[in-house]
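Observations on the model geometry
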Amino acid sequence: MNNQSASNCRIVQRKRSNKLINCPCNNFKINKPCDIKDNLNQILEKFTEKNINLKDTLNTIDDYYEKFENNENFNDFWNSIFDLYKENCNKFNEEEREQIVNNINEILNGYKGMISDSNNKNTKVNENNVLNLTKILYDFADFNRNEFNEINEINIVNYNKDSKSKYFKEKLLKVLYKLKKILKKSKEQKISAKNNKENSDLRIDSKSIGDSENTEESIDNLINEIKNSEILDKNELKNVADDVKELQNINDYELYTKGEPSDNSELVSKITNEINNKLGNVENNVKVIPSENNLIINEDIGNSLVDALKSNDVSDEVKEAILKGFEDNIKNSIDESLVEETFNNINELKEFVKVKEEEINNYNSLKSQKHKIIKFLKLVKNLNSLINNINVKDYSSSNNNNNNNNNNNNNNNNNNNNNNNIEKVKLSKELINRIESSSDKDLTLTFNDLNINSLKNTNYNEFSDKIAFVILTAGENGRLIKKSDANGNLVPVSVTVLVDGEEKQLNIKDIIPSLKNLEGEELDNKFSQLYDIAIVKYAEQFRNFYDENNGETYFDKDPMDIVKGNNAMTHILNPYNILEDGNYKNYDITPDDVYFHLATNDYLDHAFTSFINSVGNIDVDKFNELPEDIKSYWSSNIPEEFSKDEDLYKAMAIHCIKNTRCHNYFRKTEKLSFNVVSHISQDKDNIVINHSLIINDDENKRTFNAFTLNELENGEYKLDDVNGSGSEFSYEELDILNSNNNNNEMKKIKAKNKEYIEKYSIGFLAECGYDIEKTDGTLLTPDDYALSNEEFNDISDNEIIEKKYGVKNNGKYNMNVVRSDIVSHEKMKIKSENNDMNDAPVKDFALKLITYRHENGKLDDYDLDLLNTYSNIILGKELYNEKEGMIHYTDDNEYQSRYNNVRESLNLQNGIKDIKNERSRYTESRTCLTKTYITGNFDVEKKLISSLQNLKKYDSENIKVKDEETSISSPGELCDGAETLLNVINGLNYRYMNSNYKSHESIRDLDMNKLNNINKLYNQMLKQHVEKHGEIVDSKADTESKFVTDKLDEILKNITQLFNDDDQDLSNINIVYNMDLSDKKLDDDKTYEIEYITNKLKELDVSGSEETRQEYKEKLLDIYDKVSEVEEVFDRNNKR
């Protein structure tokens, strides 16, 4: 790189102490502006010289300053330059490629200097644009390194130290916004701004900082709030601390160069010290010197804030603060003319949005203009948030009857005077469809986040969905499913469910408190009412509309398509199929389409991470190609039972080391765990098994898809052609992507002097009779958190619900309203008389009812599809949340709860797949859905207590571990001896191998893999006893056991795959899939089918290379071994 040409832009970056007395002033320099125009001209001339068409981008350099050097178009322009470069990179030689990187580096430094210099009064770009250009610069350099093995030097200067600059003022606004957000844990905690018409400047409203009109008092209130808060996330606070430190350094510099404190430096110093106190960095505290805290963020905003909101030059953060100021004007001002002016401003903005949307709809491509569209969507989001908050109606009796002369009543009068709600901005279907089909991550994120008042994935909402699902499984067209009891009376269907280790017969009355004491017609009517609300709860999770012409309600898209499109795993994995013509086609997947393995640092997991941390750079693709000294770093102490996936782990380790980001994550991140997520795709007619390494960084709350490996038939793995390096997401982004969102908006209202939210069907749990226990122990009954229909029926829009779904809001409680605090992120317990009902029994109960309906002809395909979609929604919400990201191993109690939830949901999904597979045998498609699972290796030391606590339900007499036990002080306190544990496991094994227990609840979800996992765990735990007691597993099965049935199913699947590999027709294979001889519903005699397969095997003619024939030989031998194993069972039983 030619450093001489950039000498006017370079400064020496030196470290200095935070102590003021050690400030070496001569080390600070004001950056001289780089010549942006000259460097940009050099790039454009070089592109023109290479015949790279820039006509769609700009014709002359003046076009750039007129059209693209602004907050709206800047990012899209530079992204397009990078895209053009990648497409035409081979037209440049090495020197030219280096010069382009150097030019962009100089342009970046020029903009950093420009926005941080207060002498530049008309700066149109901001820090967000600079950050995007920084990313582009590194993208150029990374591309050159990966494509040409060239290293480009990058030298980025600091910002100028100027407290009156645009950079400093907007950074201060961001700091205050971040602090308010982490203090309140809500996106609605915004900073507002108001213009001073006398001086034409824009200032932060001091009341929005610390709830006081007096600036100094408001600042102190904020500081005290930080000081007294017990719930601050330290990682989030560190993020704010970095920004505050930069502001503090600027103030320090100006104090020592000018001899007087800068504006707002007192505020910055107080925040600096309080954050240091919270983080334990008291030694870095600074002296607080009084200053003028004028909170100015724009000195020349003009008198029309609407013009500022329309402008391409004003940042998103400033626009958001202006809109929050509008809201405060309407809610708090007693100046009627100001309120009227604000309403007029809002209507003018709505007209502007309409015009802007029409402009966007005319774009040929959304991706090429995506940053412009993102800014438009953010404006829509903030405008609708403003409208939503000023539309709040107050139904409190005190406000309806009294008109005191305090400010609160003035505020209420202003709100109540607004009798006609302002209609919010609604995007056209055309734009919505184009965004949803764009498959662009950033556009999807912004679109999904449009609704600031969406119903979040909280305890209340999760449990509400599960109970609604149960209600829908227990009814058919609104009628409670019943069967005759021993006396011939029709009663609700009861099924056997395992609750805390005990088998219990439960029916829907045992699950739903409000049904418990009802009989006859009362029970039927109440259930029908709950069924109706459950239907609304399901339907309102998707965008739908009512057709006035035919009186029907329609979904905009098939609900399952929406579930797939909004499944975060679709965005993380980027799944695709290869078509017959060789083209790639992306597709969306459902939450139950993937297999999860959660690493727990045991054996293979530990060998994997240790190897990555021990080995430096390598240049081979296969483990066996490594030198022996490097191979030796791989642990050889892996038990045989864990070695099945060792080749996959070795392949992942090799590719992680070669992937810089992956390697750095493992080496530099402390709170890290990883998942291996597998899914199936198609390469023309061939099935491809894909394994993705997903890294979860709890410290920075980010998830990274490092890469995807394709599993080859020879047992080796290759890097995926498309997903060789995947995307990175914050935990918050995953939560947004995973939201169906479209119909989830909530409205705020006030009643009984409390804040409530209105959303169709949100009062479902109250009508079911559930109590709610808050974290402080406060117990809320439905009377406490819901509103009675007798008094508050008319506060919600009942007409639209009755029109769309034919459902009346006529229960005890208003089905559409609950208190706002119960749908917060606060952890709560849902209480009922049957408090031992947790996720496992509820989902098990639901699956048993689904199975009963299927077996008794009471489950049509429509209901089955609806239940399948709803259960996928529930699973999707369990896989991700904003706080913990994608489910992954963490060493806390929360992990085990999440793991169990997902496991039980997958069991439910697999049960539904069984029914669908059984039905598909009688259709032309005869498709077979693949079951999926979640697994995790076991760290024996950490899991021993948890496992014993689980086994205690089988043997409470001998297993003595306490429920609250957290550490092992004496093994004798856990159980009365290893023999008891062995007996428990042998008991499960005996039931699995014995036909008398084939349908027994204790082995409902047991298969050979799970049984082996149990044995592995306890063989390790009790290895000191293995010699004395021998092996745990006894394989003496009988002919009609679950073991034999499972093994026959496995053999048939292997044969099917064998013929698929050979491109031979085996279309009738599905008719023999059910090998359960005791199941006579579908196939009484399977002789024909067995002969069909036998003849097909005789006709099998394997051709091709020696390698291909050897592969078929190995597969046939594997099938032979399994058949021999089953044959031994029949031989042994025949000799009895």
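Below you will find a few notes about this structure. (Residues numbered from 1 in each chain as written. Predicted model: local features only at pLDDT ≥ 70, side-chain atom pairs only at ≥ 80, totals over all residues. Heavy atoms only, no water.)

**Focus: the sheet that holds strand β2 (residues 201-204)**
Spatial strand order, β1-β2-β3: 3 strands in an open sheet with antiparallel pairing. Pairing within the sheet leaves two strands with one partner each, and these edge strands are β1 (193-196) and β3 (296-298). Strand-to-strand twist across the sheet, computed as the mean angle between neighbouring axes with direction ignored, equals 40°. Direction of pairing for β2 relative to β3: antiparallel, over a ladder of 2 bridges. If you follow Leu202 over to β3, its bridge partner there is Asn298. Along the sheet, helix α12 (residues 316-332) makes contact with β1 and β2, crossing β1 at roughly 85°. (Pairing = 2+ DSSP bridges. Helix = DSSP H or I, 4+ residues; strand = E, 2+ residues; numbered from the N terminus. Axes fitted to C-alpha atoms, helices over the stretch in contact; angles between N-to-C directions. Contact = heavy atoms within 4.5 Å.)

**Remarks on the pairing of strand β21 (residues 747-751)**
Summarising the sheet, strand β4 (residues 393-394) and β21 pair through 2 bridges and their orientation is parallel. Among the inter-strand pairings, Asp394 is bridged to a residue of β21, identified as Lys750. Both β21 and strand β22 (residues 754-758) contribute to a ladder of 5 bridges, which runs antiparallel. In the strand pairing of β22, Ala751 is matched with Lys754. What sits between the antiparallel neighbours β21 and β22 is a turn of 2 residues, in which Lys752 has the positive phi angle 50°.

**Description of the state of the cysteines**
Here the structure, examined in full by the defined rule, presents 1 disulfide. Linked covalently through their sulfurs, Cys656 and Cys662 form a disulfide whose S-S length is 2.0 Å. Every disulfide takes its handedness from the sign of the S-S torsion; for Cys656 and Cys662 that torsion is -100°, giving left-handed. Exposure remark for Cys656: the relative accessible area of 0% places this residue in the buried category. A residue is classified by how much of its surface remains accessible, and Cys662, at 0% relative accessible area, is buried. (Disulfide = S-S within 2.5 Å. Buried < 20%, exposed > 50% of the residue type's maximum accessible area, 1.4 Å probe, protein only.)

**Some thoughts on the pattern of salt bridges**
Counted under the stated rule, the structure contains 64 salt bridges. The salt bridge partner of Glu96 is Lys50, with a shortest N-O separation of 3.2 Å. Here Lys50 lies in the loop between α1 (36-49) and α2 (61-68) and Glu96 lies in helix α4 (residues 94-115), a separation of 46 residues in the sequence. No difference in accessibility class separates Glu96 from Lys50, as the two residues are buried. We note a salt bridge from Asp621 to Lys658, for which the minimum N-O separation is 2.5 Å. Here Lys658 lies in helix α26 (residues 646-658) and Asp621 lies in the loop between α24 (604-614) and α25 (628-631), a separation of 37 residues in the sequence. Judged by relative accessible area, which is 42%, Asp621 ranks as partly exposed. (Salt bridge = Lys/Arg side-chain N within 4 Å of Asp/Glu carboxyl O.)

**Regarding the sheet that holds strand β23 (residues 771-773)**
The 3 strands lie next to each other as β24-β23-β27, forming an open sheet whose pairing is antiparallel. Each edge of the open sheet carries a strand with a single partner, namely β24 (779-780) and β27 (829-831). Pairing between β23 and β24: 2 bridges, direction antiparallel. What sits directly across from Ile772, in β24, is Leu780.

**Considering the packing of aromatic side chains**
The full count for this structure, using the stated rule, is 33 aromatic pairs. Pairing Tyr64 with Tyr65 gives two aromatic rings, centres 5.2 Å apart and planes at 80°, and the pair type is edge-to-face. On the basis of relative accessible area, Tyr64 is assigned to the buried category, the value being 0%. With a centroid separation of 5.3 Å and an interplanar angle of 85°, the aromatic rings of Phe463 and Tyr770 are classed as edge-to-face. Here Phe463, found in helix α19 (residues 459-473), pairs with Tyr770, found in the loop between α29 (764-768) and β23; they are 307 residues apart in sequence, far enough to count as distant. Pair check on accessibility: Phe463 and Tyr770 agree, each one buried. Chaining the aromatic ring pairs together yields one cluster made of Tyr64, Tyr65, Phe68, Phe74, Phe77, Trp78 and Tyr111. (Phe/Tyr/Trp six-rings, centres within 6.5 Å; stacked < 30°, edge-to-face > 60°.)

**Comments concerning the side chain of Glu266**
Position of Glu266 among the secondary structure elements: in helix α10 (residues 265-279). Once you skip the residues sitting within four places of it in the chain, Glu266 turns out to touch Val288, Ile289, Pro290, Ser291 and Asn293.

**Considering the nonpolar core**
Of all hydrophobic cores here, the largest spans 105 residues; its most connected members are Phe47, Trp78 and Leu179. Here this core takes 10 residues from helix α14 (residues 370-390), the largest share from any one element. For Phe47, the contacting residues outside a window of four places in its chain are Ile52, Leu54, Ile81, Leu84, Tyr85, Phe92 and Ile100. Membership of the second largest hydrophobic core comes to 74 residues, among which are Tyr460, Phe527, Ile757 and Tyr760. (Core = buried A, V, L, I, M, F, W, Y, C linked by side-chain atoms within 4.5 Å.)

**Some thoughts on helix α17 (residues 429-436)**
Every buried residue belonging to α17 is among Leu431, Ile432 and Ile435, and all of these are buried. Around the axis of α17, the buried residues are gathered within 100° of arc, so they sit on the same side. Among the structural elements, α13 (336-361), α14 and α18 (441-448) are those in contact with the buried residues of α17. (Arc of directions from axis to C-beta.)

**Some thoughts on the packing of α4 against helix α5 (residues 127-148)**
Where α4 meets α5, the closest approach of the two axes is 10 Å, and the angle between their N-to-C directions is 165°. Classified by the interaxial angle, the pair formed by α4 and α5 is roughly antiparallel. The handedness of the crossing between α4 and α5 comes out as left-handed. Two secondary-structure elements touch here, α4 through Arg97, Ile100, Val101, Ile104, Asn105, Ile107, Leu108, Tyr111, Lys112 and Ile115 and α5 through Glu127, Val130, Leu133, Thr134, Leu137, Phe140, Asn144 and Phe148. Its residues assigned to classes, the contact of α4 with α5 shows 12 nonpolar, 3 polar and 3 charged. (Parallel < 35°, antiparallel > 145°, perpendicular 65-115°, else oblique. Left-handed = near helix turned anticlockwise from the far one by under 90°. Nonpolar A, V, L, I, M, F, W, Y, C, P; charged D, E, K, R; others polar.)

Read these as layout, nothing more, since geometry by itself doesn't imply function.
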